[in-house]
Amino acid sequence: MSISDLTLDLATYDGEVKVLDDISLDVGRSETVGIVGETGCGKSVLAKSILNLLPHGIARYRRGAIRWKGENLLATTRRRLRQVRGTEIGMVFQDPMTFFDPLYTAGSHMMEAIGHREQVKGGSMSRAQRKAEAVDLLSRLGLSDPERVFDSYPHQLSGGMRQRVLIGAAIVGKPEFLIADEPTTALDVTVQAQILHLLQDIVKDRDTSIVLISHDLGVIASMCERIVVMYAGTIVETGTKRQLLSRPAHPYTVGLTSAVPRLGYPQKQVKGIGGHIPNLLNPPPGCRFAPRCPKATSLCRSEKPALEALSDGRRAACHYPEPVA
Ligand SMILES: Nc1ncnc2c1ncn2[C@@H]1O[C@H](COP(=O)(O)OP(=O)(O)OP(=O)(O)O)[C@@H](O)[C@H]1O
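Throughout what follows, the structure given in this document is the object of discussion.

Reading the values: the criteria
Each chain has its residues counted from 1, running along the sequence as written. Under the rules for a predicted model, residues below a pLDDT of 70 receive no local features and side-chain atom pairs below 80 are neither given nor counted, while totals for whole chains, interfaces and linings still include all residues. Only DSSP runs of H or I with at least four residues qualify as helices, and only runs of E with at least two residues qualify as strands; both kinds are numbered from the N terminus onward. Each radius of gyration reported is based on C-alpha atoms, and the globular scaling rule is 2.2 Å times the count of residues to the power 0.38. Exposure in this text rests on C-beta crowding, where 20 or more other C-beta atoms within 10 Å of a residue's own make it buried, 12 or fewer make it exposed, and counts in between make it partly exposed. The C-beta atoms are placed from the backbone. With C-beta atoms placed from the backbone, a contact is any residue pair whose C-beta atoms sit within 7 Å. Whether a residue is near a molecule or strand depends on its C-beta atom, generated from backbone atoms, being within 6 Å of that molecule or strand. Ten residues, namely Ala, Val, Leu, Ile, Met, Phe, Trp, Tyr, Cys and Pro, are considered nonpolar, four, namely Asp, Glu, Lys and Arg, are considered charged, and the remaining ones, Gly among them, are considered polar. Each axis is a line fitted through C-alpha atoms, and for a helix only the stretch in contact is used; angles between axes span 0 to 180 degrees, taken between their N-to-C directions. Orientation categories follow fixed angle ranges, with anything under 35 degrees roughly parallel, anything over 145 roughly antiparallel, 65 to 115 roughly perpendicular, and all other angles oblique. If you view the pair so one helix is near and one far, a crossing is left-handed when the near helix is turned anticlockwise from the far one by less than a right angle, and right-handed when it is turned clockwise. Note on pairing: DSSP must find at least two bridges between two strands before they are called paired. What a helix is expected to span follows from its residue count: subtract one and scale by 1.5 Å. What the arc covers is the set of directions going from the helix axis to the C-beta atoms.

1. Details of the overall build of the protein chain
In terms of regular secondary structure, the protein chain is built from 12 helices and 12 strands. Expected size for 325 residues packed as a compact globule is a radius of gyration near 20 Å; at 21 Å, the protein chain falls within 12% of this value. Taken over the C-alpha atoms alone, the protein chain extends approximately 65 × 50 × 40 Å along its principal axes. When burial is assessed residue by residue, the protein chain has 42% of its 325 residues classed as buried.

Written out as structure tokens, the structure is:
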């Protein structure tokens with residue numbers, strides 16, 4: 001998957017929100033890439049834009065391409081997109097309750113996903129075979145009574161169970177690429193760890209590529225070798241986990257890493273980042289982080305920094321990056 005120069009606005013009553021600005025990102029086969037950034041920075045919009053899931057009336061793609069198997073998903077037909085969704089690229093959403101239809105059982109959702117796969121890939125399983133596959137997958141996802149879960153309505157399941165079913169519905173089509181948007185945000189930490197292990201197993205077993213999206217740097221660091229840091233609709237830094245966590249170059253990444261509490265360190269050493277994300281109706285003309293940046297100069301306020309390679313190979317969009325060598 002290769003995203004290049006993706007620039008996207010969303011039309012609102014107040015005007016056009018400039019949500020994504022020049023996003024470029026490559027994800028290799030079997031790679032797990034993490035996207036991190038504080039709330040409102042455009043992570044979910046980016047995830048939805050890949051499968052063209054943003055409301056049609058409001059999404060304005062200004063520039064860029066999303067290349068998948070040599071094809072630009074932004075320029076392809078609706079029919080092809082329907083084929084791709086679920087069977088080539090799957091998506092695990094942030095909140096299972098918005099994905100599930102409360103009138104249908106967990107099993108119906110799984111059966112529908114299998115039916116879609118069979119339709120696209122030309123299979124012909126009987127209902128009994130589909131059910132057996134769904135129940136087997138629920139069991140492999142760690143659900144101890146898969147038959148009962150299969151027959152349960154979403155409200156009859158716990159948050160962790162719903163999230164497992166959601167992952168099941170996303171992978172039953174055997175996608176080669178999975179987008180997981182905050183898959184563990186609503187869960188307590190023990191269930192969170194189980195779900196993350198589950199995702200790790202899927203990558204190992206099936207050679208799946210994953211884009212994992214989270215505002216939680218800890219979650220991203222535990223799962224991903226390569227990290228992309230987003231701020232206000234732009235990529236501000238990207239590199240390996242080691243590079244970004246041990247020596248962040250962009251002042252925003254510096255703030256983000258020092259905002260994570262660590263065991264054994266006094267609470268007062270945890271620093272936040274002052275201020276908040278700018279209003280994307282009228283983003284700052286230069287660097288979007290400049291209004292909050294301790295190092296900002298007039299250059300930063302007037303000229304947008306390009307995402308450029310630093311001496312160790314990582315890339316940062318900053319006129320004054322921290323030394324990394
Ligand atoms: N349907 C919509 N209409 C108008 N603006 C929207 C819409 N969806 C998102 N936005 C705006 O786009 C920006 C990015 O939102 P997005 O949901 O992608 O952020 P996020 O980084 O995923 O945040 P979170 O971690 O809270 O999910 C925000 O300013 C948000 O208000």
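2. Digging into the environment of Met 161
By secondary structure assignment, the location of Met 161 is in helix H7 (residues 159–171). Residue Met 161 is classed as buried on the basis of its 22 C-beta neighbours within 10 Å. Taking the C-alpha atoms as reference, Met 161 lies 23 Å from Ala 128; in sequence the two are 33 residues apart. Contacts of Met 161, omitting those with residues within four sequence positions, involve Leu 143 and Val 149.

3. Section: the site of the ligand
Around the ligand sit 15 residues, and of these Thr 39, Cys 41, Lys 43, Ser 44 and Val 45 come closest. Elements with a minimum of two residues in the shell around the ligand: strand E1 (2–12), strand E2 (15–26) and helix H1 (43–50). Element by element, the count of residues in the shell around the ligand is highest for H1, at three residues. Residue composition of the shell around the ligand, grouped by class: seven nonpolar, seven polar and one charged.

4. Regarding the packing of helix H2 (residues 78–87) against helix H4 (residues 106–121)
Angle between the axes and distance between the axes are the two parameters that describe a pair of packed helices. As a packed pair, H2 and H4 sit with axes 9 Å apart at the nearest point and diverge in direction by 125 degrees. Regarding the angle of H2 to H4, the classification is oblique. Judged by the sense of rotation from one axis to the other, the crossing of H2 with H4 is left-handed. Of the residues in H4, those touching H2 at Gln 83, Gly 86 and Thr 87 are Ala 113, His 116, Arg 117, Val 120 and Lys 121.

5. Looking at the sheet that holds strand E6 (residues 89–92)
Across the sheet, eight strands lie side by side as E6-E7-E8-E3-E9-E10-E12-E11; this open sheet has mixed pairing. The open sheet has two edge strands, E6 and strand E11 (308–309), and neither has a second partner. Sheet topology places strand E9 (residues 226–231) next to strand E10 (residues 234–240); six bridges connect them, and they run antiparallel. By the bridge assignment, Tyr 231 is partnered in E10 with Thr 234.

6. Section: the pairing of strand E3 (residues 32–36)
A regular strand carries its side chains on alternate faces of the sheet. Counting buried residues in E3 gives five out of five residues, a clear majority hidden from the surface. Burial of E3 is two-sided: the residues Thr 32, Gly 34 and Val 36 facing one way and the residues Val 33 and Ile 35 facing the other way are all buried. Where E3 lies against strand E8 (residues 209–214), five bridges are found, and the strand directions are parallel. When the bridges of E8 are listed, Thr 32 appears paired with Ile 210.

7. Some remarks on helix H5 (residues 127–140)
The terminal C-alpha atoms of H5, which comprises 14 residues, lie 20 Å apart, in line with the 20 Å expected from a rise of 1.5 Å per residue. By the burial criterion, the buried members of H5 are Arg 130, Ala 134, Leu 137 and Leu 138. All buried residues of H5 project into a common sector of 100 degrees when viewed along the axis, lining one side. Structural note: H5 exposes Ala 128, Ala 132 and Asp 136 on the side pointing more than 90 degrees away from its buried face. Tucked into the core, H5 has its buried residues touching H4, helix H6 (146–150) and H7. In the stretch just after H5, Gly 142 is the one whose phi turns positive, near 90 degrees.

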